[in-house]
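Survey of secondary and tertiary structure
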Amino acid sequence: MTTSEQSVGESRAEAAADPRQTGRQLRPGLWHTINERYPGSMITKDDAVPLARLNKPLAEARVVMVSSCGVHLRTQRPMDVTHPLGYFGFRRVPSSARHDDLIIHQLKFPHDDADLDINVSFPVERLQEMVEAGELGSLSESFYSFIGYNMDPEKFEAEVATPIADAIGREAHADLALLVPA
Amino acid sequence: MSTSYLRQAIADGDDEKIIRFVRLHLGDGSEKVGRREIDKSWVEATKVLVDYEPIDRDAIEKTLALDDATLASLFFQLHFHLIKRTDGWIHEGSR
């Protein structure tokens, strides 16, 4: 066996190891090298909208959740996760959905734990419980989900972020948004 | 890489930048892994064909009549479809 074959074999063995058992970070140094590996994919925004103050108690507030984990109803068409430039759409997920109704169909991040309990990435049942307990006022009818792999920030802003923001304003009538990155 | 970066590479005829992007995409951020993944999908396609199973040529001809964007996207989807058959799925997400 050559050194390179041995190296490939070792890296495959490392890849096969369950990171939950080894405690090993799946991609050490990922973010330190992202600009080198994906030149041009990171952008700087100078016109961020300031956060608004919540003007009512949480127990009276209506909450919407927005997630980049790519979750959707099992009955919905999966998002296109193989397109090299990403997928520029989103899904409405009923806030009444349960773990068994939902699936994450994604390639770019590990979601084996979320497959066992969707609340790991998309805490929909936890929010339902908080409403039942009177800790939150209510949930918007729909939550919003998209995939985080998008190589065109301008297109993403125009076709995903803005339509979600518009939908939240038009449909959700929420007092606060819980943004859940994956 | 951003789309504008790729468009510039295409305008410059800089195929090296484009293939680097493809390898990064298919290798989940590693060019070396991406190169190996590309090889794996061709190996899998060849393995499938070696037994001369019947082929639906009509379906292929109908598919090839589709628009280029659909076909190019299908090309990437077929890559992932083929390597799902292998051991050592690297993409961590759903199969």
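Overview of the structure.

Rules behind the numbers
- Along each chain, the written sequence defines residue order, and numbers are assigned to residues from 1.
- Think of it this way: whatever chain is written first is A, whatever ligand is written first is 1, and the rest follow in order.
- The predicted origin of the model limits local features to residues at a pLDDT of at least 70 and limits the giving and counting of side-chain atom pairs to 80 or more, whereas totals for whole chains, interfaces and linings rest on all residues.
- No hydrogens and no water enter the side-chain calculation; it runs on all heavy atoms of the structure.
- For this analysis, a nonpolar core means a set of buried residues of the types Ala, Val, Leu, Ile, Met, Phe, Trp, Tyr and Cys, connected via side-chain atoms within 4.5 Å.
- Relative accessibility under 20% of the residue-type maximum defines a buried residue, over 50% an exposed one, and the middle range a partly exposed one, all with a 1.4 Å probe and only protein chains included.
- Each helix is a run of H or I in the DSSP string that is no shorter than four residues. Each strand is a run of E no shorter than two, and both are numbered from the N terminus.
- In what follows, a contact means two residues having at least one pair of non-hydrogen atoms within 4.5 Å.
- Two aromatic rings, drawn from Phe, Tyr or Trp (for Trp, its six-membered ring), form a pair once their centres lie within 6.5 Å of each other, and the interplanar angle then sorts them: stacked below 30 degrees, edge-to-face above 60, tilted otherwise.
- Charge-over-ring contacts are defined here by two conditions on Lys NZ or Arg CZ: a distance within 6 Å of the ring centre and an angle within 35 degrees of the ring normal.
- Any Lys or Arg side-chain nitrogen found within 4 Å of a carboxyl oxygen on Asp or Glu counts as a salt bridge.
- Axis angles are defined between N-to-C directions and span 0 to 180 degrees, where every axis is a line fitted to C-alpha atoms and, for a helix, only to the segment in contact.
- Each angle receives one of four descriptions, namely roughly parallel if under 35 degrees, roughly antiparallel if over 145, roughly perpendicular if within 65 to 115, and oblique otherwise.
- In a left-handed crossing the near helix is turned counterclockwise from the far helix by less than a right angle, and in a right-handed crossing that turn is clockwise.
- Each residue is assigned to one class: nonpolar for Ala, Val, Leu, Ile, Met, Phe, Trp, Tyr, Cys and Pro, charged for Asp, Glu, Lys and Arg, and polar for all the others, Gly among them.

**Description of the nonpolar core**
Membership of the largest hydrophobic core comes to 31 residues, with the highest contact counts inside it found for Val-71, Leu-102, Phe-122, Phe-143, Tyr-144 and Ile-164 of chain A. Only strand S1 (62-67), strand S2 (71-73), strand S4 (102-104), helix H5 (124-132), strand S6 (142-145) and helix H6 (153-172) of chain A provide two or more residues apiece to this core. Here this core gets six residues from one element, more than from any other, and that element is H6 of chain A. Among residues more than four places away in sequence, those in contact with Phe-143 of chain A are Val-63, Val-64, Met-65, Arg-91, Arg-92, Val-93, Ser-95, Phe-122, Val-124 and Leu-127 of chain A. Among the nonpolar cores identified, the runner-up in size contains 14 residues, and Leu-107 and Met-151 of chain A together with Leu-6 and Ile-83 of chain B belong to it.

**Quick notes on the packing of aromatic side chains**
Residues and elements named next belong to chain A. One pass over the full model with this rule turns up three aromatic pairs over all chains. Their ring planes at 75° and their centres at 6.1 Å tell us that Phe-122 and Phe-143 sit as a pair that is edge-to-face. One end of the pair, Phe-122, is in the loop between helix H4 (112-116) and H5; the other, Phe-143, is in strand S6, and 21 residues separate them in sequence. As far as burial versus exposure is concerned, Phe-122 and Phe-143 are alike and both buried. In this structure, Lys-155 is placed above the aromatic ring of Phe-88, and the distance from its NZ or CZ to the ring centre is 5.3 Å.

**Remarks on the pattern of salt bridges**
Overall, the coordinates contain eleven salt bridges over all chains when judged by the stated rule. Across the pair Arg-170 of chain A and Glu-171 of chain A runs a salt bridge whose closest N-O atoms are separated by 3.7 Å.

**Looking at the packing of helix H2 (residues 15-26) of chain B against helix H5 (residues 68-83) of chain B**
Residues and elements named next belong to chain B. Where H2 meets H5, the axes come as close as 12 Å, and the angle between the chain directions of the two elements is 40°. On the basis of their axis angle, the class for H2 and H5 is oblique. H2 and H5 meet at a crossing whose hand is right-handed. Between H2, through Val-22, His-25 and Leu-26, and H5, the contact on the second element is made entirely by Phe-76, His-79 and Phe-80. Among the residues forming the contact of H2 with H5, the class breakdown is four nonpolar, two polar and no charged.

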